[in-house]
Amino acid sequence: MAFPVDLRRCQVLGLAGTAFLALGGETAGALPVQDLFAPASVQAALGLVGVYFGVVLLIAAWVLLGRLVRGAHPPTPRSLLLVLAVWATPLLLAPPLFSRDVYSYLAQGAMVDAHMDVYTHGPAQLGGPLADEVAPVWQHTAAPYGPAFLALASVLSGLTRGQLPAGLLGMRLVALFGVALMAAALPRLARHSGADPAAALWLGALNPLVLLHLVAGAHNDAIMLGLLGLGLVAALGRWPLLGAVLVTLAALVKAPAALGLLAVVVLHVRSGRRPLRATVTTAAASAVTTVAATALAGTGYGWIRALDTPVSPHNWALTSLLGRATGALLDHLGSDLAPLAVPAWHVLGLTATAAAVLLIWLRLRPRPVYALGLSLLVVAVFGPAIRPWYILWGLFLIAAAAPSTSVRHRVAALAGVLALAVLPSGGSADVGQLVLAVCGGVLGVVVLWQAHLAAQAPAPGRTA
């Protein structure tokens, strides 16, 4: 007998998962410095176990929900949106999880509000309690974000007057708004691409990476993807220029979204415009939007220079890993070329990215949403730095436009694995923390297995 699945069970199981995430995060999350527990403390250990227990429950709920979506009587998109709201609710007031980036956002917003040049100075220039919350590796690093996001962060800084709890809540609400835009765009993009809107919502908005990193982590990738999705929806309709404006605003949050302008041009041409005119009008709308947003933000054009902001020296991007391995080998051989290994691999990665993106658009131009999703996935995988939530850049659009179920299954498997990849504190793991995380995950599997056995057991007074 199969494990019984219905929408209510999925809803409750996922809610239990995010509730454990929120509770565990109270002692093991990316807490403010003054509230941090020692990693070896009992509270931090229990919190870490609780977080990974919750992650496993959430992944299980998502997988079971996927079975319903593929079943004979799938839930409606409206029902799935309700599930998303229920799952996200415990995370609204939880501490930041899996990253300390939200503290950087708040510090950079305060710097813009104080008329400091965030593209020249790091948060250390701001000083004070807010800057102290930024991870040490980024204290002296210029902002890598565009003026649209920094203007938003500056407004939030002014509204909250630098108060940390209010700022964290504000950033999470911004992220939730971005996720809401993503969820609103997915069904429309799916219908245009001939895909199932419910399946698109399941993979693109309800997957664990969205809840763990865009909601719990309050990453600005949420507002980038929300604006990108909304811009594509506009371009699919009768408003290609509005689409160009929205996609440009997404790129002025984080630069990779600029690839969306390719999709806008293609969609503009498909609506009857000539290629040259479509390209010129899209470029003009993008340029006007860029000038206006930069002027309103008051940050200047330093964001162009900041596109090459240095990445963490120990990040686990493919090209960085290969660069460090090559450098270690050259160093072992006594070569003076060892320091050039990582930069060389980064250049190779960028070259491979450009070639792959060109090939994708040459082959998949009739499917611009899918081509854009694959292009953004390539940018994430072969870029000089990667984090689990970067995969969402491509996954979001692949969910809406993938041509086959097998593609969705592969992307879903990748999302499930990456959901387990980062500690809730956002820091690096030692052996003890890895053991605790595994214990939490195993405990979740055991509980789910016991529930499965209980569901298979015959009712009292009946034979199996």
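To keep things clear, this report deals only with the structure shown in the data block. (Residues numbered from 1 in each chain as written. Predicted model: local features only at pLDDT ≥ 70, side-chain atom pairs only at ≥ 80, totals over all residues. Heavy atoms only, no water.)

**Quick notes on helix 10 (residues 221-236)**
Part 1 of the reasoning: Its 16 residues give helix 10 an end-to-end C-alpha distance of 22 Å, which sits within 8% of 22 Å, the value for a rise of 1.5 Å per residue.
Part 2 of the reasoning: Burial of helix 10 is extensive: 14 of the 16 residues sit out of reach of the surface. (Helix = DSSP H or I, 4+ residues; strand = E, 2+ residues; numbered from the N terminus. Expected span 1.5 Å × (residues − 1). Buried < 20%, exposed > 50% of the residue type's maximum accessible area, 1.4 Å probe, protein only.)

**A look at the packing of helix 8 (residues 197-204) against helix 18 (residues 392-401)**
Part 1 of the reasoning: Two elements in contact, helix 8 and helix 18, have axes separated by 8 Å at closest approach and are oriented at 165°. With respect to each other, helix 8 and helix 18 are oriented roughly antiparallel. For helix 8 against helix 18, the interelement crossing comes out right-handed. Contacts between helix 8 and helix 18 pair A200, L203 and G204 from the former with L395, F396, A399 and A400 from the latter.
Part 2 of the reasoning: Here the contact of helix 8 with helix 18 is composed, by residue class, of six nonpolar, one polar and no charged. (Axes fitted to C-alpha atoms, helices over the stretch in contact; angles between N-to-C directions. Parallel < 35°, antiparallel > 145°, perpendicular 65-115°, else oblique. Left-handed = near helix turned anticlockwise from the far one by under 90°. Contact = heavy atoms within 4.5 Å. Nonpolar A, V, L, I, M, F, W, Y, C, P; charged D, E, K, R; others polar.)

**Some points on the packing of aromatic side chains**
Part 1 of the reasoning: Taken as a whole and assessed by the stated rule, the structure comprises seven aromatic pairs.
Part 2 of the reasoning: Both rings, one in Y390 and one in W393, keep their centres 4.6 Å apart while their planes meet at 20°; by these two values the pair is stacked.
Part 3 of the reasoning: Given the relative accessible area of 17%, Y390 is considered buried.
Part 4 of the reasoning: Here the aromatic cluster, defined as three or more aromatic residues joined through ring pairs, consists of Y105, Y145 and F149. (Phe/Tyr/Trp six-rings, centres within 6.5 Å; stacked < 30°, edge-to-face > 60°.)

**Describing the nonpolar core**
Part 1 of the reasoning: Counting residues in each nonpolar core, the largest one holds 134 residues, and the members touching the most others are L65, W87, L228, L372 and L397.
Part 2 of the reasoning: Among the elements that take part in this core, helix 2 (residues 42-69) stands out by supplying 15 residues, more than any other.
Part 3 of the reasoning: Setting aside its immediate chain neighbours within four residues, W87 contacts C10, Q11, G14, L15, T18, L58, A61, W62, L65, L206 and L211. (Core = buried A, V, L, I, M, F, W, Y, C linked by side-chain atoms within 4.5 Å.)

**Re the pattern of salt bridges**
Part 1 of the reasoning: Under the definition given, this model contains three salt bridges.
Part 2 of the reasoning: In this structure, D6 and R9 form a salt bridge, with 2.9 Å as the shortest nitrogen-oxygen distance.
Part 3 of the reasoning: A salt bridge links K254 to D221; its shortest N-O distance comes to 3.1 Å. Taken as a pair, K254 in the loop between helix 11 (240-251) and helix 12 (260-270) and D221 in helix 10 lie far apart in primary sequence, 33 residues in all. Summarising the burial analysis for this pair, K254 and D221 share the class buried. (Salt bridge = Lys/Arg side-chain N within 4 Å of Asp/Glu carboxyl O.)

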